[in-house]
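So you can see what is in the structure, the chains are spelled out below.
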Amino acid sequence: MICPNCKNESDGAKWCPYCGIQLETEERMPDSTLSEPNDENAFEEEYNLGRQTDNKALKITLAILCPIAAIVLVMVILVACGIVNFGSSKEPVVTEESEVLEKSNTESLKQTAVNQLKIGDYEEAEAVLKAILEIEPDNEEITTLCKIVYNYNRAIKKVETRKFGEAKNLFEKIPDDYLNYDISFDIEKLGEELAQADKAHAIFETVKEHMRNGEYADASDTVMLIDEQYLEDEDAALLEQYNQQIMEYNESEEQRMLQMGNSLDSTRALEIVNSYCNNFASAVNNSDFSIVESQLGGYLLEQQRALFQNHVNGRISINHEGCELVSFSKLSDTCWEVEVKEGTTVHYPDGTVDSGEVYNIYTIEYINSAFYLTMLA
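All values derive from a computational prediction rather than experimental measurement. (Residues numbered from 1 in each chain as written. Predicted model: local features only at pLDDT ≥ 70, side-chain atom pairs only at ≥ 80, totals over all residues. Heavy atoms only, no water.)

### Notes on the overall build of the chain
(1) Moving on: What the chain contains, in helices and strands, is 12 helices and four strands.
(2) Moving on: A total of 377 residues make up the chain; the buried ones form 28% of that total.
(3) Moving on: Summarising the internal contacts of the chain: among those between residues at least 6 apart in sequence, 50% fall at separations of at least 24.
(4) Moving on: Looking at the chain as shown, the accessible area adds up to about 24,400 Å², and 51% of this sits on carbon and sulfur atoms. (Helix = DSSP H or I, 4+ residues; strand = E, 2+ residues; numbered from the N terminus. Buried < 20%, exposed > 50% of the residue type's maximum accessible area, 1.4 Å probe, protein only. Contact = heavy atoms within 4.5 Å. Areas by Shrake-Rupley, 256 points an atom, 1.4 Å probe, with all protein chains shown as cover.)

Here you go:
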C-alpha cells in the first residue's frame, strides 16, 4: 500500500514505516474489534506501536535535553573550579595569588589614607578608609580610624555653620585612639573651640537671666565677657536684641543720672565728701585701700593711695570727727566744687594724739553714671 503522506510503499502495515502516520488497510477490522482487542497478537502489536511512538518522542526529548545537559555540565565544572558562585554557603575558592593581590591593594590603600591624614585632607582619607572596609570589613583598626575621621569631618561642618551643640555630640563620639594618628592635633584644636563655645553659651545664659530680671546694668557688664563668634545663630540673634535693649537702657540711665547731676545740691555734695572721709579713715585703720578706692578718680586716686600707704607704713590710725560745709559751687553740668571743714584725730605709734580741724576743697565729677572725688586742694 502506498502511503498517502510520503508516497512510499508500506507493505500493508497499519502505520507507515517512513513517516509514521496511520494507514487505512483493505481488510479493516470492525470497530468493535479495534476498541476491544481480544487476541494476544493484537495487544502485542498495539504495544509495539506504542513503543514505536515512544521512540519517536524520545528522540525529540533527547534533542531538547542534550543541549541543556551540556550547559549544566559546563556550569558544574565552573562552580567546582571556584570561577562561578551561585550564593552557596561555602566560601569561594581563593588562590594564593588572589590573596597576595588583595593584600597588596589593601596595603596600598592604607598608605594612601595615612598620606591624606598627614596633609590634613580628611575628606579624602575618609573615602579611602571606606574603600578599605569594603575589602576588609572586619579590620578593627581601620574601622576605628574611619570612625575618628568620620565624626571629625562632620563635627567640623557643624562648627562652620555655628551648630556647636551638634558638633559637641559628634566630637564626643570620636574614639580615644585618635591620639595615635596625625589627626590628633586638629581634634585637640576642635576640642578647644568647643570648650570656648561652652563658655560663651554659659555666659550667655547668665545674660538671659539678668535680662529676665530686668538687671540691665549687670547684663551689660556680662555681655562684655562673651566671645560672640562661639554663639549659635539663634543665641547670636537674641544677643543682638539684648544689646539693643541694653543700649536703650544705658541711654535713659545716662540721661537720668545727668539730670541727677544737674540737680546735685550742697546737701548731697556734703554727704559724698563725708562718706569719703569716713571710708579713708577705715581704709587706713584696716590697711585696706579698696574700702575707699571706688570713690576716687583722676589725680586724687593716686594721691590718696600714696597718703594711705604712708599712714600704714607709719602705723598711724585716724578717727574722722565729721565735716561741715563751707561752700558749694557748680563748675559745669558734671562738675562741682565743695569746701568743707573736717575734724580729725590722728594716733601715732608713740602714743601721741593730734586732734584738729582742717579746711579742704574737693572737686566732684560725674563720670560714667557715678560721682567721683577727683581733686583735693
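### Description of the nonpolar core
(1) Moving on: Core analysis: the biggest nonpolar cluster contains 40 residues, and L129, I148 and I183 have the highest contact counts within it.
(2) Moving on: Counting residues per element, this core draws most heavily on helix α7 (residues 184-212), at nine residues.
(3) Moving on: Those residues within four positions of L129 in sequence are excluded, and the remaining contacts are A113, I142, L145, C146 and V149.
(4) Moving on: One finds A283, C323, V340 and F371 within the second-largest nonpolar core, a separate group that totals 26 residues. (Core = buried A, V, L, I, M, F, W, Y, C linked by side-chain atoms within 4.5 Å.)

### What about the packing of aromatic side chains?
(1) Moving on: This structure, assessed with the given rule, holds nine aromatic pairs.
(2) Moving on: Here a set of aromatic residues connected by ring pairs shows up, and it is made of Y276, F280 and Y362. (Phe/Tyr/Trp six-rings, centres within 6.5 Å; stacked < 30°, edge-to-face > 60°.)

### Remarks on the confidence of the model for the chain
(1) Moving on: For the chain, per-residue confidence averages 80 on the pLDDT scale, and 73% of positions sit at 70 or higher.
(2) Moving on: Taking the mean pLDDT of every element in the chain, the minimum, 40, falls on helix α1 (residues 31-35) and the maximum, 95, on helix α6 (residues 164-171).
(3) Moving on: For residues 26-54, every residue scores under 50 in pLDDT, and the model assigns this stretch six contacts once sequence neighbours within four places are set aside. (pLDDT = per-residue confidence, 0-100.)

### Some words on helix α12 (residues 298-313)
(1) Moving on: With 16 residues, α12 should reach 22 Å at 1.5 Å per residue; the first-to-last C-alpha distance of 24 Å fits that figure.
(2) Moving on: Regarding α12, the residues found buried are L300, L301, Q304, F308 and H311. The buried residues of α12 occupy an angular sector of 100° when the element is viewed end-on, so they sit on one face. Away from its buried face by more than 90 degrees, α12 exposes Y299, N310 and N313.
(3) Moving on: Two residues or fewer after α12 comes R315, characterised by a positive phi angle close to 55°. (Expected span 1.5 Å × (residues − 1). Arc of directions from axis to C-beta.)

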